[in-house]
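# Topology and contacts: notes
This is what each chain is made of:
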Amino acid sequence: MGGAKPALTPVEGVKARSNYLRGTLLQSLADSATGALAEDDTHVSKFHGFYQQDNRDHREERRRQMLEPDHQFMIRARVPGGICTPRQWLALDAIAQQWANGTIRLTTRQAFQLHGVIKGNLKSTIRGINDSLLDTIAACGDVNRNVMCTPLPEASAIHRQVCADAQAVSRHLTPHTTAYHEIWLDKERVGGTAETPSANKKEVSDHEPIYGPTYLPRKFKMSFAIPPRNDVDVFAHDLSFIAIIENNVLAGYNVAVGGGMGATHGDPATYPRLADTIGFCTREQVLAVTEAIVTIQRDFGDRTSRKHARLKYTLDDNGLDWLHTQFEARVGFRLAAHKPFEFTHNGDRFGWQQTSDGLWHLGLFIENGRVADRAGATQLTGLREIARILKGELRLTPNQNVVISGVAAKDRAVIDELVQAHGLDSWDRISPLRLHSMACVGFPTCGLSMAESERYLPELVGRIESLLEEHGMQEQAITIRMTGCPNGCARPYLAEIGLVGKAPGLYNLYLGAAFNGTRLNSLYRESVQEADILQVLDGLFALFAMSRNGAEAFGNFLHRTGVIKSSSDQREIGQ
Ligand code: SRM
Ligand code: SF4
């Protein structure tokens, strides 16, 4: 005799009632009495690519004045594989100036974010993004998110193929609902004959062949990597494809499943997890593999607890053998054994590089992805000027940077001039530590932030740079990542030094991830302030300077010497 079935989460009800993501968004937009959306619509809106937020710097003051919070919206535009045309960049920039806060935010998943859009400007913003041939649908919500692809492997022909596969997967998993087009692009409502949650045929308007009417239990993330670069952090995603190159030909992909970063402080049932490599597939099998894994998660992911709803938990609850059985029943074939591969690093590369097609690509450092004009570095204007003359593309990197891509040799000089004039040449002067730093957005826009992140990491890195200098290690590349809470948006658990916010000024310090993104770090100190962080690092840098093995990376050193003793997931993947 089983007990009562656990209730589905309220968000499941919102999705079911939303009639394929319509909700009451039109009414919410028309309601001029408030700057906010109706409660249910704050969930539906995510599938359309925007989040309701309020400026947390203004919260107290607004409360004192008995005003409603300073509601504003963050809009995320998908850029599959991070490839963006100069025209799209210019359009995003113009929209940021006209309707958002005048900056562009490059994300850790190679997408764009705009902050500070008020409700009355949402429609113009989303239309403008669509006019530039980017879109915002499925940039957030319980669906497959922006598909990542390494932006610049040296073998350009193979990169084109891998990127084409990433974009095909992205198209395949884009929701079919016509709600997006009706609401934002004023398209006619499209009729159809589809399933509805209640099997009530009169409300039929849409159908979702892969997702069904309640979409996925939770967000779903995918990436494509080309070894030896692991810049996408391939083991941090629900589903990833690792390109296997044999005799200079793309033979197919190793398939990795069940990665994820998100956790909750003090709740051991939530944890970051590295993906398992479960086999090898050909290029032709990629869409079938993707659809099978997505539908397994659709059918078995936990819809009763959003904290336990990602594929990593479905996998840990049921095991790999179960996954293979489910998978084979859906696709009708067995994955081949996975093939050997090796990753060397998970950071970005900076400066000019030439690819096998003879074109040049310039990797530029954008600190924490915030493209803005500041005293001494007018990076926003500089990238605008570059986009105006660029014949190639801009590629957004998985570490919040940008690559000016596809430049003919004769055009390099003019790009260099603009880069210098606008302070975009910092990569040439700053430390490898800073080049390997990454922070999530955090305050003031993120509603989940517990501590500063984007606004604080640059300062802290400066102090850690001084320590490294004292130990004669200013040229040492170390990955350092900070997030304002344990959700893991800057993938902090894959950094050699990870800082995860607990409260204003307090962070959990994680140490010892592998420099190539194949091992998670471990919690080393809980709830520490800046002074403690610097003291701990000072001691460890002294040890490192004294007894590292040759070019050994910091995280590997801590691991080898036993400074790091345990971790939630200490498997070393792939080597
Ligand atoms: Fe994230 C929620 C920002 C990449 C795990 N993330 C959020 C929200 C939307 C806060 C919210 O729900 O109210 C943040 C908006 C802040 C703001 O003001 O802009 C936010 N996440 C970001 C971005 C912009 C960070 C950045 O600095 O670049 C990244 C946007 C990616 C994109 O373009 O799609 C971003 N988020 C990630 C990553 C990294 C990745 O995907 O490679 C992760 C960890 C990987 C993973 O998903 O496991 C991540 N974000 C989360 C989670 C925890 C999910 C979980 O499974 O527990 C949340 C909270 C949630 O979903 O409930 C979250
Ligand atoms: Fe916000 Fe936390 Fe993500 Fe940072 S890690 S952007 S604080 S949800």
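Our subject is the structure listed above.
It should be emphasised that the depicted structure is a prediction, and the values quoted were computed from it without experimental measurement.

A word on the overall build of the protein. What the protein contains, in helices and strands, is 17 helices and 22 strands. Here the protein has a C-alpha radius of gyration of 23 Å; the compact-globule value for 575 residues is 25 Å, and the two agree. Taken over 575 residues, the protein has a buried fraction of 58%. In the protein, of all internal contacts separated by at least 6 residues, the share reaching a separation of at least 24 is 68%. Accessible area for the protein stands at about 22500 Å²; split by element, carbon and sulfur atoms hold 52% of it.

Formed by 93 residues in total, the largest nonpolar core has its most connected members in W89, F112, F224, F241, L383 and I404. Residues in contact with I404, not counting those within four places in the same chain, are W360, H361, L362, L364, L383, I386, L390, E393, L394 and I415. By size, the runner-up hydrophobic cluster in this structure holds 32 residues, among which are L433, L511, L534 and F544.

Turning our attention to the coordination of the iron atom of ligand 1. Protein coordination of the iron atom of ligand 1 is limited to a single donor, C489 (SG), which sits 2.3 Å from the metal. Tracing the chain through its elements places C489 in the loop between β19 (480-483) and β20 (497-503).

Take helix α13 (residues 412-421) next. Considered for burial, the residues of α13 that qualify are I415, L418 and V419. Along the long axis of α13, the arc covered by the buried residues comes to 100 degrees, so they all point the same way. Pointing more than 90 degrees away from the buried face of α13 are the exposed residues E417, Q420 and A421. Where α13 is buried, its residues contact β11 (351-354), β12 (360-364), α12 (379-389) and β17 (402-407). Within two residues after α13, G423 carries a phi angle of roughly 65 degrees, on the positive side.

Contacts to ligand 1 come from 29 residues, most closely from T107, Q113, T445, C489 and R491. Contact between ligand 1 and M261: an oxygen atom at 2.7 Å from a main-chain N or O atom of the residue. Considered class by class, the residues forming the shell around ligand 1 number ten nonpolar, eleven polar and eight charged.

We now examine the side chain of T177. Tracing the chain through its elements places T177 in the loop between α7 (156-172) and α8 (179-185). Among the residues examined, T177 registers a relative accessible area of 1% and is labelled buried. Of note is the side chain of T177, whose polar atom sits 3.0 Å from the side chain of D206. With sequence-adjacent residues up to four places away left out, T177 is seen in contact with Y20, L21, R22, I137, D206, E208 and Y215.

Reading across from one edge, β3-β16-β17-β12-β11 is the order of the five strands in this open sheet, with antiparallel pairing throughout. Bordering the open sheet on either side are β3 (83-84) and β11, each of which pairs with just one other strand. Sheet strands in contact with α12 are β12, β16 (393-396) and β17, and its direction is about 20 degrees off that of β17.

Cis peptide bonds are those with omega within 30 degrees of zero, and the linkage from P227 to P228 qualifies with 10 degrees. Within the fold, P228 resides in the loop between β7 (222-225) and β8 (239-246). A cis amide bond links F443 with the next residue in sequence, P444, at an omega value of 0 degrees. Tracing the backbone shows P444 in the loop between β18 (437-439) and α15 (457-470). Notably, L133 is not glycine yet its phi reads approximately 70 degrees, a positive angle. Residue placement: L133 occurs in the loop between α6 (122-131) and β6 (148-149). Even without being glycine, N247 reaches a positive phi, approximately 50 degrees. Along the chain, the position of N247 falls in the loop between β8 and β9 (249-257).

Rules used throughout
Residues numbered from 1 in each chain as written. Chains lettered and ligands numbered in written order. Predicted model: local features only at pLDDT ≥ 70, side-chain atom pairs only at ≥ 80, totals over all residues. Heavy atoms only, no water. Helix = DSSP H or I, 4+ residues; strand = E, 2+ residues; numbered from the N terminus. Rg over C-alpha atoms; globule rule 2.2 N^0.38 Å. Buried < 20%, exposed > 50% of the residue type's maximum accessible area, 1.4 Å probe, protein only. Contact = heavy atoms within 4.5 Å. Areas by Shrake-Rupley, 256 points an atom, 1.4 Å probe, with all protein chains shown as cover. Core = buried A, V, L, I, M, F, W, Y, C linked by side-chain atoms within 4.5 Å. Donors = N, O, S within 2.8 Å, 3.2 Å for Na, K, Ca; no water. Arc of directions from axis to C-beta. Near = heavy atom within 4 Å. Polar contact = N/O pair within 3.5 Å; in protein donor to acceptor, adjacent residues only side chain to side chain. Nonpolar A, V, L, I, M, F, W, Y, C, P; charged D, E, K, R; others polar. Pairing = 2+ DSSP bridges. Axes fitted to C-alpha atoms, helices over the stretch in contact; angles between N-to-C directions.

The values are spatial; any link to function lies outside them.
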